[in-house]
Amino acid sequence: MKWSVSGSRTFFQCPRRWYYETVFANSRAKDPARKEAFILKQLQNVRAWRGKLVDQVISNFIVPKLNRNEVVDLKEALDYAHKLFETQLAFATARRYRDPSIKKSDDETAEDYCALFELEYGGTIDQKMLNMIESEMIASLTNFFNSRLLAQINESHPYLIAQRAVQFPFADVNVQCTPDLIAFFKETEPIIVDWKVEAPKHKEHFIQLGTYAFALSRAKPHKDFPAEWLSTIADPTKVGLTEFQLLRNRELQYSLTEQDLVDVEDYIYKTSSRIQHMFNGNSSARDPTCFPQAKSANACLWCKFKKICWEESSS
Ligand code: SF4
C-alpha cells in the first residue's frame with residue numbers, strides 16, 4: 001500500500017476519497033466504476049492547474065537546459081508556458097481525457113494532458129479566472145528566474161533532478177515522495193527544493209520537506225545520483241531544504257535537527273498505522289462504501305469523486 005504526505009492529508013479529510021484515489025481508480029480494471037474513478041482522479045481545479053503548469057515549465061523546459069549548461073531565457077520560457085496553457089486548456093475543454101484511445105502516459109499526449117474539475121462539474125471557466133491563472137503563472141516563473149536559487153544554480157552548475165519519485169518501505173507501507181527538485185552541487189551539500197505557487201501552512205510544508213529528506217536517506221539511490229554524495233544523503237540532517245513560495249517570491253531555507261527527524265518519523269508512523277488499521281491488513285477487496293465519508297460537507301465541494309460517491313451512497 002502506498003503512503004504519501006499529500007495522500008495522508010486527503011485521508012484525514014475523507015478516508016473514502018483517499019480510497020478512490022489511492023486504491024480504487026484503475027484505468028485497466030473491468031469494473032466501469034473503477035475506470036470512471038481513474039478519469040475523475042485526473043481532475044484538478046484551475047488553481048492546482050496553475051501550479052502544475054509552473055511545475056511542468058520548470059521541470060520539462062528549464063531544468064533540462066540547465067543540466068546541459070545552456071543559457072535559459074525568460075522570454076523563451078514564457079512562450080513555452082503560454083503554449084502549454086493554451087494546448088492544455090483546449091485538451092480539457094474538448095474533454096479529451098474521456099477519449100478511451102488517449103492514454104495519459106503516451107509520449108504524444110503526456111505534455112498536453114489536462115482535466116479540469118470546473119469543466120467536468122460546472123461546464124465553463126470564467127475568462128477573468130483564466131486571465132488570472134495565466135498572469136500568476138507568468139509572475140511565478142519570472143520570480144523563479146530572478147531568484148537566489150537560480151543564480152546559485154547558474155554559478156555552480158549542479159546536477160539537477162526534477163520530479164523524481166523516491167520510495168521506501170516503512171512498517172508494511174510504501175512511502176512515496178516526489179520532490180520538485182534535488183540539486184547535487186559539486187562542492188556544497190545537496191538540496192531538496194519544493195516550490196509552491198501559493199504556500200500552504202508552514203508546519204505542513206516543513207513536514208513535507210522533512211519527509212522528502214527522510215525518504216532520500218532511506219530509498220535505494222537511483223543510478224544517476226552522484227556517488228560522492230550518497231553518504232551525505234544517507235543523513236537527512238546534512239541535506240539542505242528550500243521552500244520556494246513563488247508568487248510571494250519568498251525562498252526559505254531549513255535544515256533538519258535530530259529532533260525534527262524523530263517528529264517526521266513519528267508522523268509517518270502514526271498516519272501509515274491509521275491507514276493500515278482501516279484496511280485491517282487487506283488492501284485489495286474493499287468497497288468504497290466501507291470507508292467513512294467526510295465529516296464536513298465542505299470537503300465534498302471540491303471532491304473530484306463526488307459523481308460516483310454520491311451515486312453509490314444513494315443506491
Ligand atoms: S464526495 Fe465527499 S464523502 Fe464522497 S469521497 Fe468526496 S469528499 Fe468523501
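About the cut-offs
Residues numbered from 1 in each chain as written. Predicted model: local features only at pLDDT ≥ 70, side-chain atom pairs only at ≥ 80, totals over all residues. Pairing = 2+ DSSP bridges. Helix = DSSP H or I, 4+ residues; strand = E, 2+ residues; numbered from the N terminus. Axes fitted to C-alpha atoms, helices over the stretch in contact; angles between N-to-C directions. Core = buried A, V, L, I, M, F, W, Y, C linked by C-beta atoms within 7 Å. Buried ≥ 20, exposed ≤ 12 C-beta atoms within 10 Å, placed from the backbone. Contact = placed C-beta atoms within 7 Å. Near = placed C-beta within 6 Å. Nonpolar A, V, L, I, M, F, W, Y, C, P; charged D, E, K, R; others polar. Parallel < 35°, antiparallel > 145°, perpendicular 65-115°, else oblique. Left-handed = near helix turned anticlockwise from the far one by under 90°. Expected span 1.5 Å × (residues − 1). Bend = angle between axes of the 7 residues up to and from the residue.

A.B. asks: Honestly, the sheet that holds strand 10 (residues 250-254) in this entry has me stumped. Any pointers?
C.D. replies: If you walk across this open sheet you meet the five strands as 4-7-8-9-10, and the pairing is mixed. In this open sheet, the two edge strands, each paired with only one partner strand, are strand 4 (159-162) and strand 10. For this sheet, the mean angle separating the axes of adjacent strands, direction not counted, is 20 degrees. With five bridges connecting them, strand 9 (residues 240-245) and strand 10 associate as antiparallel partners. Each bridged residue has a counterpart across the sheet, and for Thr 242 the counterpart in strand 10 is Gln 253.

A.B. asks: Any chance you could explain the nonpolar core here in plain terms?
C.D. replies: Looking at soluble globular proteins, one finds that nonpolar side chains tend to be buried together. Core analysis: the largest hydrophobic core is formed by 68 residues, its most contacted members being Leu 53, Val 54, Val 57, Ala 81, Ile 192, Ala 213 and Leu 216. A total of eight residues in this core trace back to one element, the largest contributor, which is helix 4 (residues 46-67). What Leu 216 contacts, discounting residues up to four positions off in sequence, is Val 166, Ile 192, Ile 233 and Val 239.

A.B. asks: Help me understand the site of the ligand in this model?
C.D. replies: Taken together, Cys 14, Arg 16, Arg 17, Gln 293, Ala 294, Ala 299, Cys 300, Cys 303, Phe 305, Lys 306 and Cys 309 make up all the residues around the ligand. Put simply, the parts of the chain that give the shell around the ligand at least two residues each are helix 2 (15-24), helix 13 (298-301) and helix 14 (306-314). In terms of residue class, the shell around the ligand is built from seven nonpolar, one polar and three charged.

A.B. asks: Please explain the packing of helix 5 (residues 74-93) against helix 8 (residues 127-145) as it appears in this structure.
C.D. replies: The relative placement of two packed helices comes down to the angle between their axes together with the axis-to-axis distance. Taken N-terminus to C-terminus, the directions of helix 5 and helix 8 make an angle of 150 degrees; their axes are 11 Å apart at the nearest point. Relative to helix 8, helix 5 is oriented roughly antiparallel. Classified by chirality, the crossing of helix 8 by helix 5 is right-handed. Seen from helix 5, the contacting residues are Leu 74, Ala 77, Leu 78, Ala 81 and Phe 85; seen from helix 8, they are Glu 134, Met 137, Ile 138, Leu 141, Thr 142 and Phe 145. Across the contact of helix 5 with helix 8, the residue classes tally to nine nonpolar, one polar and one charged.

A.B. asks: Is there a simple way to explain the environment of Ser 296 in this structure?
C.D. replies: Looking at where Ser 296 falls in the secondary structure, it is placed in the loop between helix 12 (258-279) and helix 13. For the pair Ser 296 and Ile 308, spaced 12 residues apart in sequence, the C-alpha to C-alpha distance is 18 Å.

A.B. asks: Even after reading the chapter, I still don't get the packing of helix 4 against helix 8, so can you show me in this structure?
C.D. replies: Interaxial distance between helix 4 and helix 8 falls to 10 Å at its minimum, and their mutual angle equals 35 degrees. Where helix 4 crosses over helix 8, the handedness of that crossing is right-handed. Residue-level inspection shows Val 46, Trp 49, Arg 50, Leu 53, Val 54, Val 57 and Ile 58 of helix 4 in contact with helix 8, the latter providing Met 129, Ile 133, Glu 136, Met 137, Ser 140, Leu 141 and Phe 144. In the contact of helix 4 with helix 8, the residues fall into 11 nonpolar, one polar and two charged.

A.B. asks: I'm lost on helix 4 in this one. Help?
C.D. replies: One turn of the α-helix equals 3.6 residues, which is why residues spaced by three or four share an orientation. Between its first and last C-alpha, helix 4 extends 30 Å over 22 residues, near the 32 Å set by a 1.5 Å rise per residue. Along helix 4, the sharpest kink reaches roughly 30 degrees, centred on Ile 58.

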